[in-house]
Each structure stands twice: as structure tokens, then as C-alpha cells.
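If you want the building blocks of each chain, they are given just below.
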There are 2 protein chains.
Amino acid sequence: MSKLLVFGHQNPDTDAITSAISYAFLLRQLGEDAEAVALGTPNEETQYALNYFKKEAPRVIGDVSQETNSVALVDHNEVQQSATGVEKVEVEFVVDHHRIANFQTANPLFYRAEPVGCTNTILYKMYKEYGVEVPKDIAGLMVSAIVSDTLLFKSPTCTQQDIEAATDLANIAEIDVNVYGLEMLKAGTNLGDKSEAELIDLDAKSFPMGGANLRIAQVNVVDPEELLARREALEESMRAANSENGYDTFVFVITNILTSVSTVLVVGDYKDKVAQAFNSSYTDGLLTLPGVVSRKKQVVPPLTVAFEG
Amino acid sequence: MSKLLVFGHQNPDTDAITSAISYAFLLRQLGEDAEAVALGTPNEETQYALNYFKKEAPRVIGDVSQETNSVALVDHNEVQQSATGVEKVEVEFVVDHHRIANFQTANPLFYRAEPVGCTNTILYKMYKEYGVEVPKDIAGLMVSAIVSDTLLFKSPTCTQQDIEAATDLANIAEIDVNVYGLEMLKAGTNLGDKSEAELIDLDAKSFPMGGANLRIAQVNVVDPEELLARREALEESMRAANSENGYDTFVFVITNILTSVSTVLVVGDYKDKVAQAFNSSYTDGLLTLPGVVSRKKQVVPPLTVAFEG
């Protein structure tokens, strides 16, 4: 039996990177020869967490079928968000908190999904079910992911279970979750040194919707004006990404984590449909969406209804 | 919010009927307004278990979207094995032990699959995780399902977890699992009063495979000759089912539960391909497969490889 590789989605965020680390550790305690890997390098927020808890970033893999025949997916299941070659290997385990789509297996597998705010919240429950103690550094990474995915418990995706898991994990990690959490989120908003092409790809996912191919990217900021000053170049990069990759429409969501207001740039064929999806309209070519902070719960569902409904 | 309907697959077997009952009970303890229903009436084996533990069969539903907007699937996930109208409702929960295919959702959900022999083995773990006591009659139904799916622990699908769960549940139900189990399995082999059309539909599932549409049915017997005496009429019914429903090939597996030998009738376009899948050949028009007792683990996978490989 070949090594079990454990990885999160492309353009990894803090949950994708750290849930691979925390699940691989758990699987090793259960006797699996598991290694955490990643489909990209950590963003600045994730790097802050890795540095703080003195953990290495997982190594980045290419075509997974060149390395192994058996994998565990965390924080995703859709094939277009996963590793190159994933359709040629056996998916033996999935732990996730997203919808299930574009996913199938030939054989029975272990699949654990729950509608909570963060994959690491589910993983923390699994550690408890299996009676495995969470090491201090891994607890730190797990609470970092919950803070990241729930924007410090402010996202509508946040559940009571996420808050309870974060509280327990912060105790194990010996941190004040509010102080540490805000510092970590701020580290992730440090975007000044990124090119436009990097900015629109930092946390971007593809979603096939009713025949159209949407690309939806999101960045968190404390000062949206800083990014909007580069709007023309950003839109140029989005246009280039559309034509290079066959996206019909690129939606770039700039979320102010202090005010919970998102400003949205849209480039491509379905600009009007995107505005309609949010019952909104363009002012100066921008959509302003107060209270919208969650791609999964507040951006993808209304777009899905508009494109597939 | 509308009532949560909980149901197993079409042509329900003992696990499909009883896991709906045991999961609906658990969900009610967790505060859901859940009702167990079914996509067909119990077979004789299941009816034996229901009579023994004095439980009513779940009511049979038609188009599920006429009744509710939210459902829990047990012991299946593929849409072609599920209720009419299932694609119009929200699948909020799945507990299953099969491959995942032909399944997708628009929203995050609770999905729990494990590669064990029986859905009720997973449900028993969930009762323990949530700290919910299993009532005596429900424990009896749950152990009945494990006996049924694992052919009293003889199937290659049976895991150590199934044996442990069955042992605990038999204690709660106050039965000797080997004595009760064999009586229940024998009750299910009482096929003399069934028409050929009923026999080939008792435990039948459809599997799209590489462009072909296979129908695979299985019956358990203690005397295969009794059925093979009706072979001509059985094959006539299989041919009729193929042309009425657009199946390309009908595979009817007759499993001797005492000797663990399966005898297979095949009708349709891909007779040779089916024989090749099992590295076997027809003797007198029949395939004889020693040691083959599990459709999921020993019939579907080699056919999938032969048709899709």
C-alpha cells in the first residue's frame, strides 16, 4: 500500500493547509502512513500561524497520481478544486464542510462532512471521538483555521460548535483567541507587495454553474481603498484570467473584516446577472454588499440560484 | 421548516428499512422533527425482524417533494436508487456505507459514510458519540441489519466494527445473535410464493457503468435448485424488465447462504463481458462463483472495471 497523502484545495487558505496537518497527524495515530501535503504555498495569514506555532509548511505536490495511489481530501471535495491527477487515485477519506458536487468514487470510503464553519471543528470532534490528544502546536493551527474561516466568529457560517471547538483549542494552545486571532487576520490583509495577478488568485475557486464557468476570488482587508486604488490593473488581470482559463465571469470580493462590508469587482459576460443575484446594482462599476463576508454562505448560493434557478 | 423524512433505497432490504427507523429515532433525540419512511414494503426477512421486535413497518411514500422539503438518506446516496422527486428537495443528512456517485447538493450538509458492512454499524457509533441510549427494540432491528448485510459475519464486507456493534446491540436486545440471525436469514429465503417478476425485483439496483445500464439483483437461498427449476420463466422476466426499463443487461445473483456460492443468470447485450469480469465462463448458461456473497464488494467492482476500465 502506498503512502496516504492528505491535502486541502488549490489556492490553499489557512483551513486547507492546517486541516491537512491536523488530519494527517490524527490518521498517523490511527495507524495510517499519512503525510500532509499542499496544492500551493501558504498565504501570509497562514504563514503567520505557522510561524507562531513553529510548524513547517507542508510540501507542495504536483500530479498526485505520480506519487501515490491513495489520498485523503480535506476542506474540499470538488474535482476542479483538487489536485491534478486526483481522478486517477483512490480517495479513501474526506473531511469537509462544503456542499458535495463533481465528486464520485468507485468504492466505499470514509466521508465526514458537517455544516459547520471550519473543517478543523469537525477534526477536533474526531480527535475526541477517537480519544486522541491534540498536541499544543496542532491545536494552535486548528484554532487559527477556525478564526480564519469564521472571521473571528463574525461570519454567518460560524456555529456554536465552531465557538466551542475554538475555545477548547485556544486553551490547549495557551493563547487568547481574540488577541491572537485579530493579529493573524491582520497579517493576512498585508497585500501591498502582491501583484494584481497574485491578488486575484490568492483565494480563488472555480464554480461551474448552469453551463457558465465562474471564478470567485476573495481577499480580506482592513482598508479596501488601498486595493481599489489599483482597480484598473486588477480588472485587467481578471480579464486576462478569463481569457486564459475559459472563465465566463470573474467575481472578486474585497471584504473589510472590520466593518463586514464587501466590495465586489465583476469582469466578464454575466455582469448583470451577478448584480441581480445579490439584488444589487453597480455604483461606479462596483457592487457594495453590507454584511456579506462568507463566499460559501453568502456569495455562492445566490449566484447558484441566479445561474441555475 | 417542513418535517424531515428519513428513508433508505428503493427495493428496501433490512438495512434500508431499519436504518431509517434507527436514524429517525436518533434525530428526534437531537431535536429534529424526523419521521422514518420507506420506498417500498419490507421483504420477508425484514418483516421477520419487525415482527420479532414488535415494530411497525415505515409507511411507503411516493414523490417525496410532494410531502416535504428536507430529507435524510440512509444506506444509499445515488439518485437513481432514491425517492422520486429527491432532486427537488434539500438533502440535509446522509448516513451510508456505499461509494458516492450521482450525488450532489447545492449547500453544505451532514454526510457520514464509512467503509463498514452496514449502515447501522455507523449509526450505533453515532448513538454513542451523541450519548443517546439505544432502546431495546431498535437495538434488535439494528443487529438484524448487521446480520443481514454481513450474512451473519461471513461476507467480505464485514469488519471488526460490525462484529463489535452487533455484539453490543445483541446484548441490549437480549438475543443470541447466531440463533436469531440464522432464523431471520432463513425467513428471507422463503421465496416459494413469489412470482418471477417479484423475485428479480426483491433486492435489485441499477448501476450506470461506462455508458451501459446494468440491473443487478440478488436473492439469498438455502436451496438454489428450487429457484433454478424456474430458470426459463426467470430469464423471461429479466428480458421483459430490460426492454421495459431500458436496462442493457440484467444480472441475477442467487446466493447460497449456507455454502457461500453464487449462481448467476445473465440476460441482455453484455453476457460475455459479464463473464469476463469474473474471469469465469458459462456452463449450461450459468456462472458459478464460489465465495461470492457480496454485491457491493464482489459483484459491482469487477463489473465496474470491466465496463469502465
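For every chain, the first residue of the written sequence is number 1, and numbering continues from 1 along that sequence. Chain letters and ligand numbers both follow the written order, the letters beginning at A and the numbers at 1. In keeping with the model being predicted, local features are shown solely for residues with a pLDDT of at least 70 and side-chain atom pairs are shown and tallied solely at 80 or more, while totals for entire chains, interfaces and linings include all residues. Here the side-chain values reflect all heavy atoms present in the structure, with hydrogen atoms and water set aside.

Going by what an unreviewed UniProt entry lists, chain A is known as Probable manganese-dependent inorganic pyrophosphatase and is assigned to Granulicatella adiacens ATCC 49175. UniProt positions are given in the numbering used here, feature names are shortened, and annotations may be inferred rather than shown by experiment. As recorded by UniProt, the Catalytic activity (unreviewed entry) comment attached to chain A reads in full: "diphosphate + H2O = 2 phosphate + H(+)".

Participant: Which residues make up the pairing of strand β9 (residues 249-256) of chain B, and what values do they have?
Facilitator: Residue and element names in this part refer to chain B. Burial here depends on accessible area, computed with a 1.4 Å probe over protein chains only, as a share of the maximum for the residue type. Under 20% is buried, over 50% is exposed, and the range in between is partly exposed. Helical segments are the DSSP runs of H or I of at least four residues, strand segments are the runs of E of at least two, and each set is numbered from the N terminus. Here β9 lies mainly inside the structure; 8 of its 8 residues are buried. Burial along β9 is two-sided: Thr249, Val251, Val253 and Thr255 facing one way and Phe250, Phe252, Ile254 and Asn256 facing the other are all buried. Any two strands with at least two DSSP-identified bridges between them are counted as paired. Pairing between strand β8 (residues 212-221) and β9: 8 bridges, direction parallel. When the sheet's bridge partners are listed, Val219 is paired in β9 with Ile254. Pairing of β9 with strand β10 (residues 261-268), which is carried by 8 bridges, proceeds in the antiparallel orientation. When the bridges of β10 are listed, Phe252 appears paired with Leu265. The hairpin formed by β9 and β10 contains 4 residues between the paired strands, and Ser260 there has a positive phi angle of roughly 60 degrees.

Participant: Describe the interface of chain A and chain B, with residues and values.
Facilitator: By the convention used here, residues are in contact when the closest approach between their heavy atoms is within 4.5 Å. Facing 22 residues of chain A, the contacting portion of chain B comprises 22 residues. Summed over both partners, the accessible area (1.4 Å probe) lost when two parts come together is defined as the buried area. Together, the buried faces of chain A and chain B total about 1900 Å²; carbon and sulfur atoms form 59% of this surface. By the criterion of area lost to chain B, the three top residues of chain A are Arg99, Ile100 and Pro108 of chain A, representing 27% of everything that side buries. We define a salt bridge as a side-chain nitrogen of Lys or Arg found within 4 Å of a carboxyl oxygen belonging to Asp or Glu. Here chain A and chain B share 0 salt bridges between them. Under this definition, polar contacts are N or O atom pairs within 3.5 Å; protein pairs additionally need one hydrogen-donor-capable and one acceptor-capable atom, and for neighbouring residues in sequence, both atoms have to be side-chain atoms. Our count for the contact surface shared by chain A and chain B stands at 4 residue pairs in polar contact (both at pLDDT 80 or more). The set of elements that each furnish at least two residues to the side of chain A that touches chain B consists of β6 (110-113) and α11 (295-308) of chain A. Considering each element in turn, the side of chain A that touches chain B owes the most residues, 4 residues, to β6 of chain A. Looking at the side of chain A that touches chain B, its residues break down into 11 nonpolar, 6 polar and 5 charged. Side-chain classes follow a simple rule in which Ala, Val, Leu, Ile, Met, Phe, Trp, Tyr, Cys and Pro form the nonpolar group, Asp, Glu, Lys and Arg form the charged group, and the remainder, Gly included, forms the polar group.

Participant: Residue-level account of the sheet that holds β6 of chain A, with values.
Facilitator: The strands making up a sheet associate through hydrogen bonds between their backbones, and the pairing can be parallel or antiparallel. Spatially, the 12 strands line up as an open sheet ordered β3(A)-β2(A)-β1(A)-β4(A)-β5(A)-β6(A)-β6(B)-β5(B)-β4(B)-β1(B)-β2(B)-β3(B), and their pairing is mixed. A strand with exactly one partner marks an edge of an open sheet, and here the two such strands are β3 (59-60) of chain A together with β3 (59-60) of chain B. As judged from the 5 bridges shared by strand β4 (residues 70-74) of chain B and strand β5 (residues 90-96) of chain B, these two strands associate in the parallel manner. Bridge assignment links Ala72 of chain B to a residue of β5 of chain B, and that residue is Phe93 of chain B.

Participant: Could you give an account of unusual backbone geometry, with specific residues and numbers?
Facilitator: Residues and elements named next belong to chain A. In this model, Leu152 sits at a positive phi of 55 degrees, which is unusual for a non-glycine residue. Tracing the sequence through the fold places Leu152 in the loop between α4 (136-150) and α5 (160-173). Phi is positive for Glu174, close to 55 degrees, though the residue is something other than glycine. Along the chain, Glu174 falls in the loop between α5 and α6 (177-188).

Participant: How would you sum up the UniProt feature "domain: DHHA2" (unreviewed entry) in chain A? Please name residues and give values.
Facilitator: As recorded in UniProt, the sites labelled "domain: DHHA2" (unreviewed entry) are residues 181-307 of chain A. Counted over residues 181-307 of chain A, helix gives 41% and strand 28%. Its end C-alpha atoms are 36 Å apart.

Participant: I'd like a rundown of the domain arrangement of chain A, residues and numbers included.
Facilitator: Residues and elements named next belong to chain A. In terms of domains, chain A is made up of domain 1 (4-189) and domain 2 (196-308). A straight line from the C-alpha centre of domain 1 to that of domain 2 covers 25 Å. With 19 residues of domain 1 at the contact, the number on the domain 2 side is 21 residues. Between domain 1 and domain 2 lies a buried interface of about 1800 Å² when both sides are counted; carbon and sulfur atoms form 55% of it. Considering only the surface of domain 1 that becomes buried against domain 2, Asn11, Leu151 and Thr189 emerge as the three largest contributors, covering 30% of it. The tally of links from domain 1 across to domain 2 stands at 4 residue pairs in polar contact (both at pLDDT 80 or more). Of the residues contributing to the side of domain 1 that touches domain 2, the split by class is 4 nonpolar, 12 polar and 3 charged. Where each domain starts and ends follows an automatic or database-derived domain assignment.

Participant: So what's going on with the sheet that holds β9 of chain B? Which residues, and what values?
Facilitator: All names here are of chain B. Here 5 strands make up an open sheet; going across it, the order is β7-β8-β9-β10-β11 and the pairing mixed. Of all strands in the sheet, those with a lone pairing partner are β7 (204-209) and β11 (287-290), marking the two edges. Strand-to-strand twist in this sheet, taken as the mean axis angle between neighbours without regard to direction, amounts to 25 degrees. Here 6 bridges tie β7 to β8, and the two strands are oriented antiparallel to one another. When the sheet's bridge partners are listed, Met209 is paired in β8 with Ala212. Contacts from helix α11 (residues 295-308) reach β7 and β8 within the one sheet, and its direction differs from that of β7 by about 25 degrees. In this analysis an axis means a line fitted to C-alpha atoms, helices contributing only their contacting stretch, and an angle means the value between N-to-C directions, from 0 to 180 degrees.

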